[in-house]
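Secondary and tertiary structure notes
These are the residues of each chain, in order.
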Amino acid sequence: MRSTRRSAELFRRATEVTPGGVSSPVRAFRGVGGDPFFVARAAGARLWDVDGNEYLDYVLSWGPLILGHAHPAVVEAVRDAAGRGTSYGAPTEAEVELAERVRELVPSMERVRFVNSGTEATMSAVRLARGFTGREMILKFEGCYHGHGDSFLVKAGSGVATLGLPNSPGVPAELSKLTLTAPFNDVAAVEEIFHAHAGRIAAVILEPVIGNAGFIAPDDGFLSALRRITGADGALLVFDEVMTGFRVAPGGAQERFGIRPDLTTLGKVIGGGLPVGAYGGRRDVMDWIAPVGPVYQAGTLSGNPLAMAAGLAQLRVLRDENPYPELERRTRRLVEGLLANAAELGVPASGGSFGSMWGTFFAAGPVRSFEDAKGADVELFKRFFHAALDRGVFFAPSAFEAGFLSTAHTDADVEDTIGRAREALRAALG
Ligand SMILES: *Cc1c(COP(=O)(O)O)cnc(C)c1O
């Protein structure tokens, strides 16, 4: 067994001073039971906790670290930027460079605004969509997570689902009423909603590939149907690419599927592990944002020089090395291996990957919606998760989260993981 004495002691102290002992709920391991480990340091594909245990990391800070932990180019860029000042509250060249880079990679983002998190990006995009269209309703999909903004905490996937909260108290009912929901991959439901609320929906927002209800891919034609329906009604189509952006392809899911949304939100990979979010899109829409237009949105630390430097450094390495084909191949191999383990041990399982984003369910599948995902064997997952942790593999601590791969994960790491996961599953089955 791993020693967890120092983590347990820190967790005890943490719960005295912060709700649940964590700065973000999923870190508390409520979805799998037991106490979280506290991290001492990380490098490449590996994490070490304060008790000295080593883990192969498939959480990767929940998505940002596509180059792995402490990539030298990112660390060097941050160190260099810090030496020149940590924040100015005045524009810098790095913001221009990063915005230009984003537009080059994601051409639908004709104008880009930087914020500090994915949550801020989606909240701002929806305010903008409402301001631009003069409409108040939005449509989201069950199981899609768009950060913790009030408008989005309706059927919002993993974090809230794990806690058994359908919606969050504290969100005014008047506001929740403006958020319509449909099952993912259900074009007929979307058409019905647009029929019932024609001309009143400001935006349809979605994760083009879901990562926050476990990994769920869009059916062929689903995204293009949304493009057609929103276009015909005058609603804006917002791709929340906070997770998929720069991860599933240099230009995100919209590049892979060939769909041009009106607005896009980014986070995670764009910041190289520092707090960065961004939203952007059609120039005529973005021109509604202050100071050009009347829709207000601002931020003291937005475009922070350290964060811009980290993001630029990470995107530069991605451009220079183009690791996407390799990442995709290795990620496919991981999922194939995990599913083969399950088949060998007689456990119904399904899963998939897209770029270096992946997920498996202990459910026969196919999983096409959050409703399907909820059919997975969560109790088995909990035992599997802890057995994997004991064998030095850190998978996301919830049955409803996607996993990631970084360029620091080698073929040998992946094979090693598959082997350890087989033993973990065997142990979980008892
Ligand atoms: C993580 C995530 C968010 C929220 O981003 P934060 O930086 O955690 O606020 C929004 N949308 C999607 C799709 C995400 O995966």
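Check the entry above for the structure.
Described in the following lines is the structure provided in the data block. (Residues numbered from 1 in each chain as written. Predicted model: local features only at pLDDT ≥ 70, side-chain atom pairs only at ≥ 80, totals over all residues. Heavy atoms only, no water.)

A short note on the environment of R130
As for its placement among the helices and strands, R130 is situated in helix 4 (residues 118-133). For R130 and E76, which are 54 residues apart along the polypeptide, the C-alpha to C-alpha distance reads 41 Å. (Helix = DSSP H or I, 4+ residues; strand = E, 2+ residues; numbered from the N terminus.)

Looking at the pattern of salt bridges
Summed over all chains, the structure comprises 31 salt bridges. One salt bridge connects R333 with E336, and the closest N-O pair in it is separated by 2.6 Å. Remark: E336 and R333 occur in helix 12 (residues 324-344); sequence separation between them is three residues, near one turn of the helix. Relative accessible area serves as the criterion here: at 28%, R333 is assigned to the partly exposed category. Judged by relative accessible area, which is 48%, E336 ranks as partly exposed. Salt bridges here are not isolated pairs; linked through shared partners, they connect R227, D262, R282 and D284. (Salt bridge = Lys/Arg side-chain N within 4 Å of Asp/Glu carboxyl O. Buried < 20%, exposed > 50% of the residue type's maximum accessible area, 1.4 Å probe, protein only.)

Focus on the packing of helix 3 (residues 93-105) against helix 11 (residues 305-321)
It is at 10 Å that the axes of helix 3 and helix 11 come closest, and there the two elements cross at 40 degrees. Considering how the two elements wind past one another, helix 3 and helix 11 form a crossing that is left-handed. Residues A94, E95, E97, L98 and R101 of helix 3 touch helix 11, and the partners they reach there are M308, G311, L312, L315, R316 and R319. Of the residues contributing to the contact of helix 3 with helix 11, the split by class is five nonpolar, one polar and five charged. (Axes fitted to C-alpha atoms, helices over the stretch in contact; angles between N-to-C directions. Left-handed = near helix turned anticlockwise from the far one by under 90°. Contact = heavy atoms within 4.5 Å. Nonpolar A, V, L, I, M, F, W, Y, C, P; charged D, E, K, R; others polar.)

Side note on the site of the ligand
In the region of the ligand, the neighbouring residues are S117, G118, T119, Y145, H146, G147, E207, N212, D240, V242, M243 and K268. Contacts to the ligand include T119, whose side-chain N or O atom sits 2.6 Å from an oxygen atom. The side chain of N212 places a nitrogen or oxygen atom 3.0 Å from an oxygen atom of the ligand. For the ligand, whose accessible area on its own is 380 Å², the fraction buried by protein is 83%. For the shell around the ligand, a count of residues per class yields three nonpolar, six polar and three charged. (Near = heavy atom within 4 Å. Polar contact = N/O pair within 3.5 Å; in protein donor to acceptor, adjacent residues only side chain to side chain. Areas by Shrake-Rupley, 256 points an atom, 1.4 Å probe, with all protein chains shown as cover.)

Description of the packing of aromatic side chains
Ring pairs (aromatic) are described by centroid distance and by the angle formed between their planes. Overall, the coordinates contain 19 aromatic pairs when judged by the stated rule. For the ring pair F257 and F354, a centre distance of 5.2 Å and an interplane angle of 15 degrees mean the geometry is stacked. Placement of F257 in helix 9 (residues 252-257) and of F354 in strand 11 (residues 350-354) is noted, with a sequence separation of 97 residues between them. Aromatic side chains F384 and F395 sit 5.7 Å apart centroid to centroid with 20 degrees between the ring planes, which places their arrangement in the stacked category. Linking F384 in helix 14 (residues 378-390) with F395 in the loop between strand 13 (393-394) and strand 14 (403-404), this pair joins segments that are 11 residues apart in sequence. Taken together, the ring pairs connect F29, F37, Y55, Y58, W358, F362, F381, F384, F385, F394 and F395 into an aromatic cluster. The ring of W48 is capped by R41, whose NZ or CZ atom sits 4.2 Å from the centre of that ring. The lysine or arginine in question, R256, covers the ring of F354, its NZ or CZ lying 4.2 Å from the ring centre. (Phe/Tyr/Trp six-rings, centres within 6.5 Å; stacked < 30°, edge-to-face > 60°. Lys NZ or Arg CZ within 6 Å of the ring centre and 35° of its normal.)

Remarks on the sheet that holds strand 11
Taken in spatial order, the three strands line up as 11-12-14 in an open sheet, and their pairing is antiparallel. This sheet does not close on itself; its edge strands, each paired only once, are strand 11 and strand 14. Of the pairings in the sheet, the one linking strand 12 (residues 357-361) to strand 14 comprises two bridges and is antiparallel in character. When the sheet's bridge partners are listed, M357 is paired in strand 14 with F404. In this fold helix 12 packs onto strand 11 and strand 12, with an angle of close to 10 degrees to the strand it touches most, strand 12. (Pairing = 2+ DSSP bridges.)

Looking at the sheet that holds strand 9 (residues 263-266)
Read across the open sheet, the seven strands follow the order 4-10-9-8-7-5-6; overall the sheet is mixed. In this open sheet, the two edge strands, each paired with only one partner strand, are strand 4 (111-115) and strand 6 (179-182). Taking each pair of neighbouring strands and ignoring which way they run, the sheet shows an average axis angle of 20 degrees. Two elements, strand 5 (residues 137-141) and strand 7 (residues 201-206), share three bridges in a ladder whose sense is parallel. The residue bridging M137 from the neighbouring strand is I201, located in strand 7.

Brief notes about the nonpolar core
In this structure, F141 and F246 are the most contacted members of the largest nonpolar core, which totals 100 residues. In terms of domain composition, this core takes at least three residues from each of domain 1 (5-66 + 323-429) and domain 2 (72-320). Each residue touching F246, except ones within four places of it in the same chain, is listed here: I66, V102, L105, V106, G252, L266, V269, I270, L315, L318 and Y324. Residues A203, L236, V238 and V285 belong to the second largest nonpolar core, which totals 19 residues. (Core = buried A, V, L, I, M, F, W, Y, C linked by side-chain atoms within 4.5 Å. Domains from an automatic or database assignment.)

Side note on helix 4
With 16 residues, helix 4 should reach 22 Å at 1.5 Å per residue; the first-to-last C-alpha distance of 22 Å fits that figure. Within the sequence span of helix 4, burial applies to G118, T119, A121, T122, S124, A125, V126, L128, A129 and R130. (Expected span 1.5 Å × (residues − 1).)

Examining helix 2 (residues 72-82)
Those residues of helix 2 not exposed but buried are V74, A77, V78 and A81. Taken down its axis, helix 2 places every buried residue within 95 degrees of arc, on the same side. Along helix 2, exposed side chains directed more than 90 degrees from the buried face belong to P72 and R79. Taken together, the buried residues of helix 2 touch helix 11. (Arc of directions from axis to C-beta.)

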